[in-house]
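Coordinates in review
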Amino acid sequence: TSDTWFNAAPTRTQPNRYYIMGATSGGYTYPIMGNEPLIQSKTIFDSLQAAGVSWKIYTQLPDGYTYASVFAGFMTRYGSTGNIVTDPTFSQFIADAQAGTLPAVVFLEKPDGDEKPNSDNNIQDGVAETRQLIDAVMYGPSWKDSVIIFTFDEEGGLYGHVVPPTNVPSPDGIKPVDICT
């Protein structure tokens with residue numbers, strides 16, 4: 001569906017994940033490391049909550065961390081509501097999918113690129129895990145009315161046949177923040 005689609009901003013992984021969560025990186029072109037101010041914007045999950053749509057983030061990151069955590073107040077609002085599940089092996093997601101108890105919207109927060117080719121990684125392990133997650137939905141009771149959007153944050157070192165654009169306007173209209181100097 002997205003043969004010539006590129007990241008929101010021509011920068012690193014983390015700022016583009018911020019765009020997925022809140023349609024902005026708050027001007028950050030590098031990962032927010034803890035000393036920088038949090039992004040002052042709502043997330044897609046705030047919009048879902050306000051509309052009464054059930055949602056959950058299953059994250060492999062420790063302590064329920066999600067890339068939505070860089071948005072001001074997100075963890076205060078949702079950190080203890082059950083909407084964020086620390087699930088290192090996605091076993092809870094699989095159980096929920098098989099039981100038909102998934103909320104209307106699910107976001108799987110997988111930080112590592114298990115399908116990226118490199119010397120210490122077999123991409124087939126990542127492919128097998130992806131299949132396991134999709135199969136849990138496909139063979140569960142929610143399959144008949146589910147949509148799965150599977151994204152890569154980058155091409156993972158594989159050849160891309162379409163050259164990405166180089167002069168991209170700021171997608172959110174915010175001037176980049178230089179946190180490196």
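See the structure printed just above.
Below or above, wherever it landed, is the structure these notes cover.

Examining helix H4 (residues 91–99)
Restricting attention to buried positions, one finds in H4 the residues Phe93, Ile94, Asp96 and Ala97. The arc that holds every buried residue of H4, seen down its axis, measures 165 degrees, which confines them to one face. Along H4, the residues that are exposed and aim more than 90 degrees away from the buried face are Gln98 and Ala99. Tucked into the core, H4 has its buried residues touching strand S1 (55–59), strand S3 (105–109) and helix H5 (123–138). Where H4 terminates, the next one or two residues include Gly100, which has phi positive at roughly 75 degrees.

Brief notes about the packing of aromatic side chains
Per the counting criterion, the structure on display carries 9 aromatic pairs. Measuring from centroid to centroid gives 5.0 Å for Trp55 and Tyr78, while their planes differ by 85 degrees, and the two rings are edge-to-face. Taken together, the residues span a long stretch of sequence, with Trp55 in strand S1 and Tyr78 in helix H3 (residues 74–78) at a distance of 23 residues. Given the relative accessible area of 6%, Tyr78 is considered buried. Taken together, the ring pairs in this structure connect Phe45, Trp55, Phe74, Tyr78 and Phe107 into an aromatic cluster.

Thoughts on the layout of surface pockets
Empty space within the second largest pocket amounts to approximately 180 Å³. Lining the second largest pocket are 17 residues, with Ala9, Tyr19, Thr29, Pro171 and Pro176 sitting closest to its centre. Split by residue class, the lining of the second largest pocket holds 11 nonpolar, 5 polar and 1 charged.

What counts, and at which threshold
- Residues numbered from 1 in each chain as written.
- Predicted model: local features only at pLDDT ≥ 70, side-chain atom pairs only at ≥ 80, totals over all residues.
- Heavy atoms only, no water.
- Buried < 20%, exposed > 50% of the residue type's maximum accessible area, 1.4 Å probe, protein only.
- Helix = DSSP H or I, 4+ residues; strand = E, 2+ residues; numbered from the N terminus.
- Arc of directions from axis to C-beta.
- Contact = heavy atoms within 4.5 Å.
- Phe/Tyr/Trp six-rings, centres within 6.5 Å; stacked < 30°, edge-to-face > 60°.
- 1 Å grid on protein atoms, 1.4 Å probe; cavity = no way out; pocket = protein on both sides within 12 Å on 5 of 7 lines; lining within 4 Å.
- Points joined across faces, edges and corners; volume = space filled by probe spheres on them.
- Nonpolar A, V, L, I, M, F, W, Y, C, P; charged D, E, K, R; others polar.

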